[in-house]
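Structure assessment
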Amino acid sequence: MKSKLWLLMTALPLGAMAQQNYTVVGKVKHIHYPAKAYVWYQEHGVLRSDSGIVEHDQFIIQGKVSEPMKAYVLLFQNGASPKDRPGPDQVGVYLENGTVTVISPDSLQHARVGGTALNKDQQEMMDLLQPFKQQEAAVNAAYLKAEGNDALQVKLKDDYTALLAKKEKAQIAFVKTHPGSVVSLNLIRSSFTPATDPPKSRMLIGMLSQDLQDSGPAQRFLAATKKAREVNVGSPAPEFSMKNTKDEMISLSSYKGKYVLLDFWASWCVPCRKENPNVVKAYNTFKDKNFTVVGISLDGGASDSREKWLAAIEKDGLPYEQLSDLQGAGNAAAGMYLVSSIPSNFLIDPSGKIIAKDLRGEDLIKKLEEVLPKS
């Protein structure tokens, strides 16, 4: 019942390459000093950042990017820095020519963005989806509270399914009314999975302007529909090899004969870090029943990516094998499994067949109890 959160920071080409000179002006009240704000974005596969000091509840960050792109503004207070914690206060923006405004009464989590065309579209989309986010949280909370009341939980699952259908209609309506906005393209890529519904994916891309349809991200999204059968439940898990934390090359086939949970995550992904304790619990509960976990990290793009990856493994106490090619969103295994957002996982049986996808929390535990040996 948990919706997937999109947190991959990817550059979004808009056609012709054109340098963008951006300025982010932030006004956030009740700051706890010292404080510093950052703009994080990924350009040509490399994670980059610009920053500015917060003074008098305001900050200004200026920079240049090769083209309009999605980014995140992050705020650290009380002298904290990006090295101190994985889940900073943040809000998504688009970097483009002009002044981007970020205004909030208390935190970036509640900020409103604007100032440029793409950021006005971004705020409109956020306003559209916020009620659904609140309703999803309420239904999830009610579902957990109803533990033991099977009839009520069945009803809540039906309510949640109906809510997601309404949300999807609202998302499609936004795309229809904003066909030339890269915000629409990003919404499609973050909310719809080409592997699960190729016709709908092609339909949505077809609603966009021709320039956006021809862009690299849109074409890669469409290309994924042709590979759908490769990562469906019931199909063989794509084989790959990747280095672990000791620089040893590990192949997926080396785990044949076991139940394996391929867990895609990253040190900078807040939902991933929150989900890690559930994955550790599942591993510790079932590791003696022919089950293991293989973590695939989408860290990369910066000189200290390996250090952040290893530090996150240690801090979260991840006891199972960890692999990464440190290529960020370009991770080879993520590409093979059509992973467009994280956290994401695939449960593979001893024969090498995918038997479930995107299991979270208690859903993961229940599935493992169902398929693993009882004794």
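One numbering rule holds for all chains: residues counted from 1, following each sequence as written. The predicted nature of this model means local features are confined to residues of pLDDT at least 70 and side-chain atom pairs, given and counted, to a pLDDT of 80 or more, with totals for whole chains, interfaces and linings taken over all residues. Hydrogen atoms and water are omitted, and side-chain values are computed over all heavy atoms in the structure.

1. Some details on the sheet that holds strand 6 (residues 89–95)
Heads up, the condition is: One bridge is not enough; two strands pair if DSSP finds at least two bridges between them. Secondary structure follows DSSP: runs of H or I at least 4 residues long count as helices, runs of E at least 2 residues long count as strands, and numbering of each begins at the N terminus. Comment: axis = line fitted to C-alpha atoms, over the contacting stretch for helices; angle = value between 0 and 180 degrees taken between N-to-C directions. Contacts between residues were defined by any pair of non-hydrogen atoms, one from each residue, lying within 4.5 Å.
Here four strands make up an open sheet; going across it, the order is 3-2-5-6 and the pairing antiparallel. Edge positions in the sheet fall to strand 3 (46–53) and strand 6, since each of these pairs with one other strand and no more. Across the sheet, the mean angle from the axis of one strand to that of its neighbour is 25°, orientation sign disregarded. Of the strands in this sheet, strand 5 (69–76) and strand 6 are in contact with helix 1 (residues 117–145), which crosses strand 6 at around 135°.

2. Overview of the pattern of salt bridges
The condition that has to hold: For salt bridges, the criterion is a side-chain nitrogen of Lys or Arg within 4 Å of an Asp or Glu carboxyl oxygen.
Counting across every chain of the model gives eleven salt bridges. Note that D247 and R306 form a salt bridge whose closest N and O atoms lie 3.8 Å from each other. Of the two residues, D247 sits in the loop between strand 9 (241–243) and strand 10 (249–251) while R306 sits in helix 8 (residues 305–316), which places them 59 residues apart along the sequence. A salt bridge links D316 to R273, with the nearest nitrogen and oxygen atoms 2.5 Å apart. In this pair, D316 is assigned in helix 8 and R273 in helix 7 (residues 270–286), connecting sequence segments 43 residues apart.

3. Some details on the domain arrangement of the protein
Often the size quoted for an interface is simply the accessible area lost on bringing the parts together. Operational definition: The split of the chain into domains comes from an automatic or database domain assignment.
For the protein, the assigned domains read domain 1 (20–114), domain 2 (120–230) and domain 3 (235–371). Between the C-alpha centres of domain 2 and domain 3 the distance comes to 24 Å.

4. Some details on the sheet that holds strand 8 (residues 112–114)
Spatial ordering of the open sheet is given by 4-1-7-8, a layout of four strands whose pairing is mixed. Lying at the two open borders of the sheet, with one neighbouring strand each, are strand 4 (58–65) and strand 8. Ignoring which end each strand starts from, the neighbouring axes of this sheet average 15° apart. One ladder, built from eight bridges, connects strand 1 (residues 20–28) with strand 4; its direction is antiparallel. When the bridges of strand 4 are listed, V25 appears paired with I60.

5. A short note on unusual backbone geometry
Note the cis peptide between Y33 and P34, where omega equals -5°. With an omega of 5°, the peptide bond between I342 and P343 qualifies as cis. As for its position among the elements, P343 is in the loop between helix 9 (332–336) and strand 14 (344–348). Even without a glycine there, the phi angle at D57 is positive, about 65°. When you line up the elements, D57 lands in the loop between strand 3 and strand 4.

6. Side note on the environment of M125
The condition that has to hold: The classification of residues rests on relative accessible area computed with a 1.4 Å probe and restricted to protein chains. Under 20% of the type maximum is buried, over 50% is exposed, and intermediate values are partly exposed.
Along the chain, M125 turns up in helix 1. On the accessibility criterion, M125 (12% relative accessible area) is buried. Placed 49 residues apart in sequence, M125 and F174 show a C-alpha to C-alpha distance of 7.3 Å. Sequence-distant contacts of M125, defined by excluding residues within four places in its chain, comprise F174, V183 and L187.

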